Amino acid sequence: MLKALVGYYSRTGNTKIMAKAIARGIEKEGLETKLLPLNKIKPKDLLKYHLIVFGSPTYYGLMAGEMKKFIDETVKYHGQLSGKVGGAFTSSGGIAGGAETTILSILEAFLIHGMIVMGESGSYHYGPVGIEKPDKKVIVSCELYGHKLAQLTKKLMG
């Protein structure tokens, strides 16, 4: 069975809300899905998943330091994540607060690992963005994002 991990770092709960919605979208496609806060994940755990989606709040236009530290620790497994599907999302305090660069910083690390990422031609090109507490539109986009990533995973690995 295909397995997915939705990992997130959240101080206020906003990123966690988005993570739950993404996990729901993935589960609806039939993938075995784990939803875990970052402090419950070890870098080695990533090896057992086919789809990995990470979410972080936007801090100064980048991922939170806790997320960056975790990703830095994955260097031990460089090359072993190649071919897995990856995705990213963020919550931000305001419009033009660096949300796109936050998502791109996560996706950049995934690309360096050799992972496969998917763009979106709709409104959230790089991955879902929530401004402050996620509204209904953001929740729907998160579920759709999870759905699309799961479909891609199934096409590539199913």
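Everything that follows concerns the structure shown earlier in this document.
Below, the structure is looked at part by part. Bear in mind the structure is a predicted one, so any value in this text is a computation, not a measurement.

Brief notes about unusual backbone geometry
Point 1. Positive phi, normally seen in glycine, also occurs at Tyr 60, with a value near 55°.
Point 2. Within the secondary structure layout, Tyr 60 lies in the loop between β3 (51–59) and β4 (62–63).
Point 3. The phi dihedral of Glu 132 falls on the positive side, at around 55°, and the residue is not glycine.
Point 4. Position of Glu 132 relative to the elements: it lies in the loop between β7 (129–131) and α4 (136–157).

Quick notes on the environment of Gly 97
Point 1. Take Gly 97: it is sitting in the loop between β5 (85–92) and α3 (99–112).
Point 2. Of the residues examined, Gly 97 reaches a relative accessible area of 36% and is grouped as partly exposed.
Point 3. Gly 97 sits 82 residues away from Thr 15 along the chain, and the two C-alpha atoms are 15 Å apart.
Point 4. Once you skip the residues sitting within four places of it in the chain, Gly 97 turns out to touch Thr 58, Gly 61 and Ser 92.

Thoughts on the side chain of Thr 153
Point 1. Tracing the chain through its elements places Thr 153 in helix α4.
Point 2. What Thr 153 contacts, discounting residues up to four positions off in sequence, is Leu 2, Leu 31, His 50, Leu 51, Val 85 and Gly 158.

As for the nonpolar core
Point 1. Grouped together as the largest cluster of nonpolar side chains are 46 residues, with contacts concentrated most on Ile 26, Val 53 and Phe 54.
Point 2. Elements represented by at least two residues in this core include exactly β1 (3–8), α1 (14–27), β3, α2 (65–73), β5, α3 and α4.
Point 3. Here this core gets seven residues from one element, more than from any other, and that element is α4.
Point 4. Discounting chain neighbours no more than four positions away, the residues touching Ile 26 are Ala 4, Val 6, Leu 31, Thr 33, Leu 51, Val 53, Gly 146, His 147 and Ala 150.

Some details on α2
Point 1. Where α2 is concerned, the buried positions are Met 67, Phe 70 and Ile 71. One face of α2 carries all of its buried residues, which in axial projection span an arc of 95°.
Point 2. Taken together, the buried residues of α2 touch β1, β3, β4 and α3.

Overview of α4
Point 1. Helix length check: α4, at 22 residues, gives a terminal C-alpha distance of 31 Å against a target of 32 Å (1.5 Å per residue), a fit within 8%.
Point 2. Buried within α4 are the following residues: Val 138, Ile 139, Ser 141, Cys 142, Tyr 145, Gly 146, Leu 149, Ala 150, Leu 152 and Thr 153.
Point 3. Those residues of α4 that are buried are in contact with α1, β3, β5, β6 (116–117) and β7.

Side note on the pairing of β1
Point 1. The element β1 is extensively covered by neighbouring structure, given that five of its six residues are classed as buried.
Point 2. The sheet contact formed by β1 and strand β2 (residues 32–37) spans six bridges and is parallel. Residue pairing in the sheet places Leu 5 in a bridge with Lys 34 of β2.
Point 3. Crossover handedness for the path β1 to α1 to β2: right-handed.
Point 4. Where β1 and β3 come together, five bridges link them in parallel fashion. Bridged to Ala 4 within β3 is Leu 51.

Conventions we followed
Residues numbered from 1 in each chain as written. Predicted model: local features only at pLDDT ≥ 70, side-chain atom pairs only at ≥ 80, totals over all residues. Heavy atoms only, no water. Helix = DSSP H or I, 4+ residues; strand = E, 2+ residues; numbered from the N terminus. Buried < 20%, exposed > 50% of the residue type's maximum accessible area, 1.4 Å probe, protein only. Contact = heavy atoms within 4.5 Å. Core = buried A, V, L, I, M, F, W, Y, C linked by side-chain atoms within 4.5 Å. Arc of directions from axis to C-beta. Expected span 1.5 Å × (residues − 1). Pairing = 2+ DSSP bridges. Right-handed = clockwise from strand over helix to strand, strands pointing away.

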